[in-house]
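One-letter residues, chain by chain:
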Amino acid sequence: MTTGAPPAVGGAADIDAPDLNAPDIAAVEETPQVRRRRRLSPGKRLPASRLVGPVLVLALWAVASAAGRLDPAAVPAPWTVLETGVRLWTDGTLTTDILTSLRRAGSGFAIGLTAGVALALAAGLSRAGEALIDGTVQLNRAIPTLGLIPLFILWLGIGETFKIAIIAIVVYIPVYLNTHAALAGIDSRFVELAEVQGLSGFQFVRQIVVPGALPGFFVGLRLGVTGSWLGLVVLEQINATNGLGYLMFQAQNYGQSDVILVGLVVYGVFGLVSDSAVRLVERRVLSWRRTLSS
Amino acid sequence: MATHTEQLTRPAVRLRGLTRSFDDRTVLDAIDLDLPAGQFTALLGHSGSGKSTLLRAVAGLDHEVAGSGRLTAPETVSVVFQDSRLLPWRRVLANVLLGIEGNEAAHRARAALAEVGLAGREEAWPSELSGGEAQRAALARSLVREPELLLADEPFGALDALTRIRMHVLLRELWERHRPSVLLVTHDVDEAIVLADRVLVLDQGRIGLDLTIDRPHPRSYRDPLLGEYRERLLTALGVTEDHK
Ligand SMILES: Nc1ncnc2c1ncn2[C@@H]1O[C@H](COP(=O)(O)OP(=O)(O)OP(=O)(O)O)[C@@H](O)[C@H]1O
Ligand SMILES: [Mg+2]
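Presented here is a report on the structure given in the accompanying data block.

Structural notes on the overall build of chain A
Each helix and strand counted, chain A has 11 helices and 0 strands in total. Along its sequence from the N terminus, chain A presents helices and strands in the succession α-α-α-α-α-α-α-α-α-α-α. Considering only intrachain contacts with a sequence separation of at least 6, the fraction spanning at least 24 residues in chain A is 69%. In the form shown here, chain A has an accessible surface area of approximately 17700 Å², with 67% of it arising from carbon and sulfur atoms.

Right, here's the structure in full:
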């Protein structure tokens, strides 16, 4: 405690370090001859810090509703939203709509993910593939995908196919871009190592190129997940006859703001669950990484 | 090392008229060199004198360099780089196993790690190793292939002085046990003298000095008889009295 040496870094000690330092800072103030560097990282996380903000907002909303300060037609009370949600769930409408929406987003996402990864591998691992694919995708990227909706309706009709196609395009672009950049940016020192160790072409790809590109792939994956929900919302609210967005669109016509809020909550849960799932997989797969956030 | 003379007659590496240039600048100029099998050779030279270029040529790594000459090198060559070059996404043992297969490979890799003092760290991630430990893991990776020729390009350049001395002892021990031919590139004259039985100085694209160091091992930095070799090497490197 009397030394000015920085705390040991590495191993399990990392996790406890900020905690152990806290009393030190007070000690330093009493004995100014022991100087300590100003801490630039924000320090230890508060417990359940992510929940503090949302809970506060919910509390404010409930209080304001109970006090009659909110117009129930514009912003219904939290318990009204809950009641409506339970009602829609028990009479089966909500489940049907949720399943329809999930199927759309899921199929589009799966196709987009597969296409993005396949194209990135083809473009990243062969010069011919790069010449054919990369320029084309870059061009595709320049066109906002949602702008393709009218054309796709003409081509594919207004059914499910066109919706899935649009979502797939929204997803494949970030997956391709990030995966391809990661594949192309593989450290030349590792290429040299592979040559020295006598790896075959296949071993090189499997043991060095692919694992090295995984961090970039996960960036693309998360953007793709976000993109698939965004595409879903837009598609369902303009051109659908069922699904969650359609439910909300109709509620707007009848002035049912509580139903709209139920829809928004479900969208929020979709986004939250899928993002957490991706994060979980990422943490597992990239457990070798030690970044500032870990 | 007169006892090894018979063994040293078969050259492991043979260069004849090796020339390498980058955009009209000739870095290696018709070099002739034989490295006998099992010899520990150090290669000294100024920064930019072409040491790495020579080593990369012997390792077969220079695909894009314009050059000519004849080069014979053994089948199994290992390279130790200045950085440990461990793949961050593989655990230490898997890194040592990079590029080798077979049932007893893992067993050999564990043995190699034990040899460099890393027993028990097989399942660590490279990011959890210190600089010296990482470099020892890299040594294990190159040894497990039982190379006939071990090429090392300033393998200890990034280490602190104390760790470097430990690594010198370790490298020499490993060499005694496995007897590969070694070509060690360094810019540290003392490192070359303490470790190698033959020191080459690369100057202006040619071997400017070829010095056999005939002192028993283990050698100490304090050995006054090594001072004479140091003097000759420094002179060959163009370091005169008033530079010291
Ligand atoms: N890829 C390259 N393209 C162009 N010039 C190069 C390249 N690699 C090396 N050189 C040049 O060749 C010369 C020799 O380089 P080399 O890396 O072999 O030197 P070195 O003796 O290893 O130096 P150091 O001790 O600093 O590592 C240098 O002048 C360098 O600029
Ligand atoms: Mg060099």
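Details of the packing of aromatic side chains
Taken as a whole and assessed by the stated rule, the structure comprises 6 aromatic pairs over all chains. Summarising the aromatic geometry, the rings of Trp288 of chain A and Trp89 of chain B are spaced 5.8 Å apart at their centres and angled 65° between planes, so their arrangement reads as edge-to-face. Of the two residues, Trp288 of chain A is situated in the segment after helix H11 (257-285) and Trp89 of chain B in the loop between strand E5 (77-80) and helix H2 (92-96); the pairing between them involves two chains. For Trp89 of chain B, a relative accessible area of 13% translates into the label buried. Grouped by ring-pair contacts, the aromatic residues Phe190 and Trp288 of chain A together with Trp89 of chain B constitute a single cluster. Arg85 of chain B extends its terminal NZ or CZ atom over the ring of Phe81 of chain B, reaching a point 3.7 Å from the ring centre. Cation over ring: Arg179 of chain B sits above Trp175 of chain B, and NZ or CZ is 4.1 Å from the ring centre.

Regarding the pattern of salt bridges
Residue and element names in this part refer to chain B. Counted according to the given criterion, the structure contains 27 salt bridges over all chains. The shortest N-O distance in the salt bridge between Glu104 and Arg108 comes to 3.4 Å. Classification of Glu104 by relative accessible area gives partly exposed; the value is 43%. For Arg108, a relative accessible area of 26% translates into the label partly exposed.

Thoughts on H11 of chain A
All names here are of chain A. Taking 1.5 Å per residue, 29 residues should reach 42 Å; H11 reaches 42 Å between its end C-alpha atoms and fits that length. All of the buried residues in H11 are Ser257, Asp258, Val259, Val262, Gly263, Val266, Tyr267, Phe270, Ser274, Val278 and Glu282. Contacts from the buried residues of H11 go to helix H3 (78-90), helix H4 (93-125), helix H9 (201-238) and helix H10 (244-253).

Here's the deal with the site of ligand 1
Residue and element names in this part refer to chain B. Close to ligand 1 lie Phe22, Arg25, Val27, His46, Ser47, Gly48, Ser49, Gly50, Lys51, Ser52, Thr53 and Glu154. Contact distances for ligand 1 include 2.7 Å between an oxygen atom and a side-chain N or O atom of Lys51. Within the side chain of Ser52, an N or O atom sits 2.7 Å from an oxygen atom of ligand 1. Burial of ligand 1 by the protein chains amounts to 59% of its free accessible area of 630 Å². Elements represented by at least two residues in the shell around ligand 1 include exactly strand E2 (25-36) and helix H1 (51-59). Looking at which element gives the most residues to the shell around ligand 1, the answer is H1, with 3 residues. A class-by-class count of the residues in the shell around ligand 1 yields 2 nonpolar, 7 polar and 3 charged.

Focus on the packing of H3 of chain A against H4 of chain A
Residue and element names in this part refer to chain A. In the contact formed by H3 and H4, the axes pass within 4 Å of each other and the chain directions differ by 80°. Here H3 lies roughly perpendicular to H4, going by the angle between them. Every residue of H4 that contacts H3 at Gly85, Leu88 and Trp89 is listed here: Thr93, Leu94, Thr95 and Ile98. The residue makeup of the contact of H3 with H4, split by class, is 4 nonpolar, 3 polar and no charged.

Overview of the sheet that holds strand E8 (residues 198-203) of chain B
Residues and elements named next belong to chain B. Sheet architecture is open: 6 strands sit in the order E5-E6-E7-E3-E8-E9, paired in mixed fashion. Strands with a single pairing partner mark the edges of an open sheet, and in this sheet they are E5 and strand E9 (206-212). Across this sheet, the average inter-strand angle for adjacent strands is 20°, counted without regard to direction. As defined by bridge partners, strand E3 (residues 40-45) adjoins strand E7 (residues 181-185) across 4 bridges and the pair is classed as parallel. Counted as the bridge partner of Ala42 is Leu184 from E7. Strand contacts of H1: E3, E5, strand E6 (149-153), E7 and E8, with the helix running at about 150° to E6, the strand carrying the most contacts.

Thoughts on the sheet that holds E2 of chain B
All names here are of chain B. The strand order E2-E1-E4 describes an open sheet built from 3 strands, whose pairing is antiparallel. Across the chains shown, the open sheet's two edge strands, defined by having one partner strand only, are E2 and strand E4 (66-72). Sheet twist, expressed as the mean angle between neighbouring strand axes with direction ignored, is 0°. Two strands pair when backbone bridges link them, and strand E1 (residues 11-22) and E4 are joined in this way by 6 bridges, in the antiparallel orientation. Counted as the bridge partner of Arg16 is Arg70 from E4.

As for the pairing of E2 of chain B
All names here are of chain B. Bridge analysis of E1 against E2 gives 8 bridges, and the strand direction is antiparallel. Bridged to Phe22 within E2 is Arg25. Following E1, the chain reverses through 2 residues before pairing antiparallel with E2; Asp23 in that reversal takes a positive phi of roughly 40°.

A look at the interface of chain A and chain B
With 17 residues of chain A at the interface, the matching set in chain B holds 21 residues. Together chain A and chain B conceal approximately 1900 Å² of surface at their shared face, both sides included; 57% is due to carbon and sulfur atoms. On the chain A side of the interface with chain B, the three residues burying the most area are Val196, Gln197 and Trp288 of chain A, jointly 34% of the side's total. Seen at the junction of chain A and chain B, the total is 3 salt bridges. Contributing elements (two or more residues each) for the side of chain A that touches chain B: helix H8 (188-196) and H9 of chain A.

Observations regarding the pairing of E3 of chain B
Residue and element names in this part refer to chain B. With 6 of its 6 residues buried, E3 lies for the most part within the structure. Pairing analysis gives 5 bridges linking E3 to E8, with the strands arranged parallel. Pairing of Ala42 across the sheet is with Val199, part of E8.

The rules behind each value
Residues numbered from 1 in each chain as written. Chains lettered and ligands numbered in written order. Predicted model: local features only at pLDDT ≥ 70, side-chain atom pairs only at ≥ 80, totals over all residues. Heavy atoms only, no water. Helix = DSSP H or I, 4+ residues; strand = E, 2+ residues; numbered from the N terminus. Contact = heavy atoms within 4.5 Å. Areas by Shrake-Rupley, 256 points an atom, 1.4 Å probe, with all protein chains shown as cover. Phe/Tyr/Trp six-rings, centres within 6.5 Å; stacked < 30°, edge-to-face > 60°. Buried < 20%, exposed > 50% of the residue type's maximum accessible area, 1.4 Å probe, protein only. Lys NZ or Arg CZ within 6 Å of the ring centre and 35° of its normal. Salt bridge = Lys/Arg side-chain N within 4 Å of Asp/Glu carboxyl O. Expected span 1.5 Å × (residues − 1). Near = heavy atom within 4 Å. Polar contact = N/O pair within 3.5 Å; in protein donor to acceptor, adjacent residues only side chain to side chain. Nonpolar A, V, L, I, M, F, W, Y, C, P; charged D, E, K, R; others polar. Axes fitted to C-alpha atoms, helices over the stretch in contact; angles between N-to-C directions. Parallel < 35°, antiparallel > 145°, perpendicular 65-115°, else oblique. Pairing = 2+ DSSP bridges. Buried area = accessible area lost by both parts, 1.4 Å probe.

Bear in mind that shape data such as this cannot, by itself, settle questions of function.
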